[in-house]
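Now for the letters of each chain:
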There are 2 protein chains.
Amino acid sequence: MKKKNVVAFQGERGAFSELAAVQLLGAGLEFLPCERFEQMFRALQDGAANAAVVPIENTLHGSVHENYDHLLNFDHRIVAETSVRIVHNLIVPPGTKFSALKQVYSHPVALNQCLRFFAAHPKLEKKTFYDTAGSVKMMMAERPPGAAAIASSLAAANYGGEILKASIEDDRKNYTRFFLLRRPDFPLPKRSAASKVSLVFTTRNSPGSLFRALAALALRDISLVKIESRPMRGRPWEYLFYLDFLGHVDDPNVKHALAHLGEVSDLIRVLGCYPAAGGES
Amino acid sequence: MKKKNVVAFQGERGAFSELAAVQLLGAGLEFLPCERFEQMFRALQDGAANAAVVPIENTLHGSVHENYDHLLNFDHRIVAETSVRIVHNLIVPPGTKFSALKQVYSHPVALNQCLRFFAAHPKLEKKTFYDTAGSVKMMMAERPPGAAAIASSLAAANYGGEILKASIEDDRKNYTRFFLLRRPDFPLPKRSAASKVSLVFTTRNSPGSLFRALAALALRDISLVKIESRPMRGRPWEYLFYLDFLGHVDDPNVKHALAHLGEVSDLIRVLGCYPAAGGES
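Model, not experiment: these values are computed from the prediction.

### Re the overall build of chain A
Scanning chain A from N- to C-terminus turns up nine helices and 15 strands. Overall, the C-alpha framework of chain A stretches about 65 × 50 × 35 Å when taken along its three principal axes. Looking at the 281 residues of chain A, the share that counts as buried comes to 47%.

Right, dumping it as structure tokens:
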């Protein structure tokens, strides 16, 4: 019998991470929801899952440093990326009228991203919950009177909720970028023409050290698409850099660039080479 | 009569932002707590406050892009920085015994940063609340039986709570960096020897464009302390960079570097020049 492909993600069923998994891999997947990020990396290591979908940065909230740390501490390759627009929907038990609503449950970050909606409807009370999708699950199971929840359309579909108002978020430029990690037995998603490489490197913080490191790429006409410094606590003058560039690790020009970068940095770790998800991601 | 100095911050009284204000400016301040970040920038513009304390990055969660946007959209100068270690305390009404506790209220991010504590005390139920300090305020006002809250020591002091267990956070490397903004009538904090400059610039994303921009600093032996790229949505091939370096805007070497950087970038905005808060910040 063929072994099932299991995709680990953090959150409840219907979380934005599950939406990213569907975007990357299509429908018909088996999922392993995890409470914490580290659990998905462990699940992948132990074989409890053979793929994982990992949020890595958000256009409003920046990079998820914890997941960069797990990418360094575990040894799973990035094989794909995608961006999910964070669309918040007002979800109710089917047939509920808007006029009957009194309380709206969700994660406080999601509630705070819908402040214009709450300002327009001052009779609705914000009720905090540990998870966006979890608030839909609770609402459908316990049916508190007058309750709605804010979550993804997938959470509405998963728990049988009805979307009463779609896209009530204040900011439409709220996107989360996800990486797909996999074990060798998980089928690779289809490839696109352009490739991207993600890596981490460290340098001593002497003036010009980053400039010298970037020469490895600039002198070979390689395009950067992300750079971010992260001070290393306890070692105040050392920096870790996150770097993404366009190119493929099998391209000789990229091989030379990585060798050159290795010469001028203390540590270099390629986290993966994967199809680039288009200019807007 | 001398006008009072009023410091705006986001959150309830006792929030980590208030702790940052005390660290930067000492005790005896008057505060203006704001619900949203944008409100503090407006309060500073309108004169309702004459200083504001703004979280700009966290060692676990990355840069607060929203506040970089407000720094660009408003015209307030950064005049100081500080780093606050995020210490979570278990706070109860005075005299409460640990054995009597059933539920612990806090913001879900704080609850998730104390998972080891909850694993060691499985009978304690996590209850989400919109704010860490707000959970102490509610607990002291409403006294739900068996309730504790997780928040800063300042929140305990402000609302008369007792710290039953100090520092229950999983990760001691959780720091938030704050900027102090001020109106001209607010007294400047005392200066230190080393200075730092924060700026934002944009370049077209051609190969080597960042390399050419960094030459402006590297060729003048100026030390970078932060660099971060942020893709500009809707303009997929344009990038905004956040950059901090050591130096003073009045130093001729720095003036030349800024002029040179201005030549090779489409936009450059110095957000402030302020005393550097030491290597570990």
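### Some remarks on the domain arrangement of chain A
Residue and element names in this part refer to chain A. Taken domain by domain, chain A comprises domain 1 (6-84 + 174-182), domain 2 (89-165) and domain 3 (195-275). Using only C-alpha atoms to locate each centre, domain 1 and domain 3 end up separated by 23 Å. Across the contact, 10 residues belong to domain 1 and 10 residues belong to domain 3. By residue class, the composition of the side of domain 1 that touches domain 3 is six nonpolar, two polar and two charged.

### Focus: the relation of the copies chain A and chain B
Mapping chain A onto chain B calls for a rotation angle of 180 degrees and an axial translation of 0.0 Å; the resulting RMSD is 0.0 Å. Taken together, the rotation angle and the small translation identify this as a two-fold axis. By C-alpha distance to the rotation axis, the residue of chain A lying nearest is Glu228(A), at 2.1 Å. Looking at the interface residues of chain A, 100% of them are also at the interface in chain B, so both copies use one shared face.

### Notes on helix 9 (residues 252-264) of chain B
Residues and elements named next belong to chain B. If you check helix 9, its first and last C-alpha atoms are 19 Å apart, about what 13 residues at 1.5 Å a residue would give, namely 18 Å. Within helix 9, the full set of buried residues consists of Val 254, Ala 257, Leu 258 and Leu 261. Axial view of helix 9: buried residues confined to an arc of 95 degrees, hence all on one face. Pointing more than 90 degrees away from the buried face of helix 9 are the exposed residues Pro 252, Ala 259 and Glu 263. Against the buried residues of helix 9 lie strand 12 (195-204), helix 8 (209-218) and strand 15 (267-275).

### With respect to the sheet that holds strand 8 (residues 125-128) of chain B
Adjacent strands of a sheet pair through backbone hydrogen bonds, lying either parallel or antiparallel. Residues and elements named next belong to chain B. Read from one edge of the open sheet, five strands run 8-7-9-6-10, paired in mixed fashion. The strands lining the two open edges of the sheet, one partner per strand, are strand 8 and strand 10 (162-165). Averaged over all adjacent pairs, the angle separating strand axes in this sheet is 40 degrees, with direction ignored. Inspection of the sheet shows strand 6 (residues 89-92) paired to strand 10 by three bridges, in the antiparallel sense. Of the residues in strand 10, the one forming a bridge with Val 92 is Glu 162. On top of the sheet, helix 6 (residues 132-142) reaches strand 6, strand 7 (103-106) and strand 9 (147-151); it is set at about 150 degrees to strand 9, its chief contact.

### With respect to the packing of helix 8 (residues 209-218) of chain A against helix 9 (residues 252-264) of chain A
Residue and element names in this part refer to chain A. Packing of helix 8 against helix 9 leaves a shortest axis separation of 8 Å and a crossing angle of 170 degrees. Between helix 8 and helix 9, the crossing angle belongs to the class labelled roughly antiparallel. Each of Arg 212, Ala 213, Ala 216 and Leu 217 in helix 8 lies in contact with helix 9, whose residues at this interface are Ala 257, His 260, Leu 261 and Val 264.

### Concerning the interface of chain A and chain B
Residue-level contacts link 38 residues of chain A with 38 residues of chain B. When residues of the side of chain A that touches chain B are traced back to their parent elements, those giving at least two are strand 4 (62-63), helix 3 (65-73), strand 8 (125-128), helix 8, strand 13 (224-232) and strand 14 (235-246) of chain A. A class-by-class count of the residues in the side of chain A that touches chain B yields 17 nonpolar, 12 polar and nine charged.

### Some words on the packing of helix 2 (residues 37-46) of chain B against helix 3 (residues 65-73) of chain B
All names here are of chain B. At a minimum axis separation of 10 Å, helix 2 and helix 3 run at an interaxial angle of 25 degrees. Considered as vectors, helix 2 and helix 3 are oriented roughly parallel to each other. Judged by the sense of rotation from one axis to the other, the crossing of helix 2 with helix 3 is right-handed. In contact with Phe 37, Glu 38 and Phe 41 of helix 2, helix 3 contributes Glu 66, Asn 67 and His 70.

Cut-offs and rules
Residues numbered from 1 in each chain as written. Chains lettered and ligands numbered in written order. Predicted model: local features only at pLDDT ≥ 70, side-chain atom pairs only at ≥ 80, totals over all residues. Helix = DSSP H or I, 4+ residues; strand = E, 2+ residues; numbered from the N terminus. Buried ≥ 20, exposed ≤ 12 C-beta atoms within 10 Å, placed from the backbone. Domains from an automatic or database assignment. Contact = placed C-beta atoms within 7 Å. Nonpolar A, V, L, I, M, F, W, Y, C, P; charged D, E, K, R; others polar. Least-squares fit on C-alpha atoms with pLDDT ≥ 70 in both. Expected span 1.5 Å × (residues − 1). Arc of directions from axis to C-beta. Pairing = 2+ DSSP bridges. Axes fitted to C-alpha atoms, helices over the stretch in contact; angles between N-to-C directions. Parallel < 35°, antiparallel > 145°, perpendicular 65-115°, else oblique. Left-handed = near helix turned anticlockwise from the far one by under 90°.

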